[in-house]
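Per-entry structural report
Chain by chain, the residues run as shown.
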Amino acid sequence: MTQIDNDMKPVILKDGYVYSNTRADGIRGQYLTTHSYMNQWRGENDSDEGNLRYFLQNVACHRFEEAIEVARVSNRFSSQYFEVLGKQCLKFIELDLAEIAFQECKNVGMVYSI
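Below is a summary of the structure that appears in this document. Here the structure is a predicted model, which means the values were calculated and not measured.

Bringing the sheet that holds strand S1 (residues 9-14) into the picture now. Taken together, three strands build an open sheet; the order of strands is S1-S2-S3 and the sheet is antiparallel. Only two strands of the sheet have a single partner each, and these edge strands are S1 and strand S3 (26-31). Averaged over all pairs of adjacent strands, the angle between their axes in this sheet comes to 25°, without regard to strand direction. Sheet topology places S1 next to strand S2 (residues 17-22); five bridges connect them, and they run antiparallel. Within S2, the residue paired with Leu13 across the bridge is Val18.

Below, the structure written as structure tokens:
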């Protein structure tokens, strides 16, 4: 749950960023807690925990192409990331991305099925 100050009146929600109107400051904004790591990810230089947070937030928001990117740069858990991503893509009928994910984790049976 994202806490917003009482004087802020939400106006627009775009890519997980809430733009709000306040009497004192005019337009201000903040990320939702579901998107809190979207602007902090450091790519290859990020920690395993950072990669996991960024991956999970992208999967939850159905940003599967960004999730593929983080799975590719994560050396330690990449096959697990691709397996989860492939299943989520199938769930939302993103067949092209599901095929890519299953190819990356070398799940030949799923690639053949798609």
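Turning to the pairing of S1, a few remarks are in order. Regular strands place their side chains on alternate faces of the sheet. Of all six residues that make up S1, zero are buried, and the element is exposed over most of its length. Linking S1 to S2, which pair antiparallel, is a turn of two residues; within it Asp15 sits at a positive phi near 50°.

Here we come to the pattern of salt bridges. Scanning all chains against the criterion turns up four salt bridges. Close ionic contact of Glu104 with Arg72 constitutes a salt bridge, the shortest N to O distance being 3.4 Å. With Glu104 in helix H4 (residues 95-104) and Arg72 in helix H2 (residues 64-73), this residue pair connects regions lying 32 residues apart in the sequence. We classify Glu104 as partly exposed; its relative accessible area is 35%.

Those residues of H2 lying buried are Phe64, Ala67, Ile68, Val70 and Ala71. Seen along its axis, H2 keeps its buried residues to an arc of 165°; they face one direction. Residues of H2 that are buried in the fold lie against helix H1 (48-60), helix H3 (78-91) and H4.

Reading guide: rules and limits
- Residues numbered from 1 in each chain as written.
- Predicted model: local features only at pLDDT ≥ 70, side-chain atom pairs only at ≥ 80, totals over all residues.
- Heavy atoms only, no water.
- Pairing = 2+ DSSP bridges.
- Helix = DSSP H or I, 4+ residues; strand = E, 2+ residues; numbered from the N terminus.
- Axes fitted to C-alpha atoms, helices over the stretch in contact; angles between N-to-C directions.
- Buried < 20%, exposed > 50% of the residue type's maximum accessible area, 1.4 Å probe, protein only.
- Salt bridge = Lys/Arg side-chain N within 4 Å of Asp/Glu carboxyl O.
- Arc of directions from axis to C-beta.
- Contact = heavy atoms within 4.5 Å.

What is shown is where atoms sit, not what they do.
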